[in-house]
Amino acid sequence: MTITGSGSATPDQFLSNNDLALMVDTSDEWIKARTGIGKRHLASSSVSLSQLSAQAASKALEMSGLAPNDLDLILLATSSPDDLFGSACQVQSLIGASRAVAFDLTAACSGFVFALVTAAQYIRTGSYRNVLVIGADILSRWVDWNDRGTCILFGDGAGAIVCQATETGDRLLGFEMCSDGSQNSSLNLGYQGLEKSLNTKAEITQGNYQFITMNGREVYRFAVAKVPEVIEKALYHAGLSAADLDWLLLHQANQRIIDAVADRLKITSEKVISNVAEYGNTSAASIPIALDEAIRQRKVKDGDIIATSGFGAGLSWGSAIIQWGK
Ligand code: ACO
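Given the structure is predicted, the values throughout are model-derived calculations rather than measurements.

Participant: Explanation requested: the site of the ligand in the structure shown.
Facilitator: Not every one of the 26 residues close to the ligand is listed here, only the nearest: Thr26, Arg34, Cys109, Arg217 and Asn254. Within the side chain of Arg217, a nitrogen or oxygen atom sits 2.5 Å from an oxygen atom of the ligand. Between Ala313 and the ligand, the recorded distance is 2.9 Å, taken from a backbone N or O atom to an oxygen atom. Taking 1,000 Å² as the accessible area of the ligand by itself, protein coverage stands at 76%. Broken down by secondary-structure element, the contributors of at least two residues to the shell around the ligand are helix H2 (28-35), helix H6 (216-238), helix H7 (255-264) and strand E14 (305-312).

Next up, the structure:
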């Protein structure tokens, strides 16, 4: 498989750190020093996850030169769909990809990497030739805007890539994916229901999803320990080492995590792609948004090798080593 197009979309409205400091007890200095985040773009009531995804998807299709009807499969990595039954079909309809089968894939901030690897499996087996992979989240819907420990981190957005079958060398060079449910309580967006008796024999629950809860220190420790390891494993599968990389592109959770991982892999800062200052943590969208920006700025050039890594709730983490260029 090869990646032939990318696109991204973020809401116009944003909150700066100073705006947030008027809402909770925090400051621009604290947020910048601890996270590197300067602002976060937030979806208003007139912007849906499906619409943001469709905007990103259309741009990726345009770059790839494919028509919507050329798509065989659409994978939407998200933890915040407009519809719990899935939003991928809505995206399929919005972009007019009527031939494509579409479904959601949930793996929090690892979602984009997991979906990219999933797309590659369909392509490698010959089942599908043209696959659209989208990472999109509107976590502002699920953030407690009174909790200074989490509300400073998250923003909204969508990014997409087009993956195609190729006869001239597979550009997913290696990957590794991991899960550890025993640490699930470190980061949750959990359902909570109230008991309700339907009759004397049947009792169910009905309720809602609660705000995001997070043990920030645990998640930080987990990311700094596991992300370098999973990248090393993916590099090993690719027959490469960190010295062969042109770019390091991690899930944009926190600049300190990005710097610590780069440091451990001995990758210099010029090779690190980061836009966390502009968007904060956009969950499944962060890698494809940053990739799209780097491609459109012509930072990433034909033949460049990029180590991507997603990590987050589950807990889940993974890495895909990709080579850009048709
Ligand atoms: N402004 C000012 N002070 C704050 C803020 C804030 N926004 N938030 C916490 N503090 C205070 C705390 O109350 C604490 O005060 P105390 O010492 O008086 O108790 C102090 O700052 C230090 O708090 P810590 O939580 O230890 O701060 P830390 O340096 O760990 O930074 C942070 C917190 C930024 C959340 C960090 O732990 C982090 O980035 N963790 C990773 C989180 C992450 O990336 N999550 C997303 C994963 S991806 C996904 O799947 C969604």
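Next, the rest of the story.
Participant: Explain the sheet that holds strand E4 (residues 73-77) here, please?
Facilitator: Working definition: the strands of a sheet are paired by backbone hydrogen bonds and lie parallel or antiparallel to each other. Taken in spatial order, the 5 strands line up as E1-E7-E6-E4-E5 in an open sheet, and their pairing is mixed. Across the chains shown, the open sheet's two edge strands, defined by having one partner strand only, are strand E1 (2-9) and strand E5 (101-105). Put simply, the sheet's adjacent strands are angled 15° from each other on average, direction ignored. Contacts between helix H9 (residues 286-296) and the sheet are confined to E1, strand E6 (130-138) and strand E7 (156-164), with E1 contributing the most and set at about 105° to the helix.

Participant: What is the right way to read the environment of Ala262 from this model?
Facilitator: Within the secondary structure, Ala262 sits in helix H7. Overall, the relative accessible area of 5% leaves Ala262 in the buried class. For the pair Ala262 and Leu250, spaced 12 residues apart in sequence, the C-alpha separation works out to 9.4 Å. Ignoring any residue separated from it by four or fewer positions in sequence, one finds Ala262 in contact with Leu248, Ile267 and Val272.

Participant: Honestly, the nonpolar core in this entry has me stumped. Any pointers?
Facilitator: In a soluble, globular protein the nonpolar side chains are often hidden away together inside. In this structure, Ile231, Leu248, Leu250 and Phe311 are the most contacted members of the largest nonpolar core, which totals 44 residues. Listing elements by their share of this core, those giving two or more residues are H6, strand E13 (247-250), H7, E14 and strand E15 (316-323). With 8 residues, the top contributor of residues to this core is H6. Residue contributions to this core reach at least three from each of two domains, namely domain 1 (2-164) and domain 2 (172-182 + 213-323).

Reading guide: rules and limits
Residues numbered from 1 in each chain as written. Predicted model: local features only at pLDDT ≥ 70, side-chain atom pairs only at ≥ 80, totals over all residues. Heavy atoms only, no water. Near = heavy atom within 4 Å. Polar contact = N/O pair within 3.5 Å; in protein donor to acceptor, adjacent residues only side chain to side chain. Areas by Shrake-Rupley, 256 points an atom, 1.4 Å probe, with all protein chains shown as cover. Helix = DSSP H or I, 4+ residues; strand = E, 2+ residues; numbered from the N terminus. Pairing = 2+ DSSP bridges. Axes fitted to C-alpha atoms, helices over the stretch in contact; angles between N-to-C directions. Contact = heavy atoms within 4.5 Å. Buried < 20%, exposed > 50% of the residue type's maximum accessible area, 1.4 Å probe, protein only. Core = buried A, V, L, I, M, F, W, Y, C linked by side-chain atoms within 4.5 Å. Domains from an automatic or database assignment.

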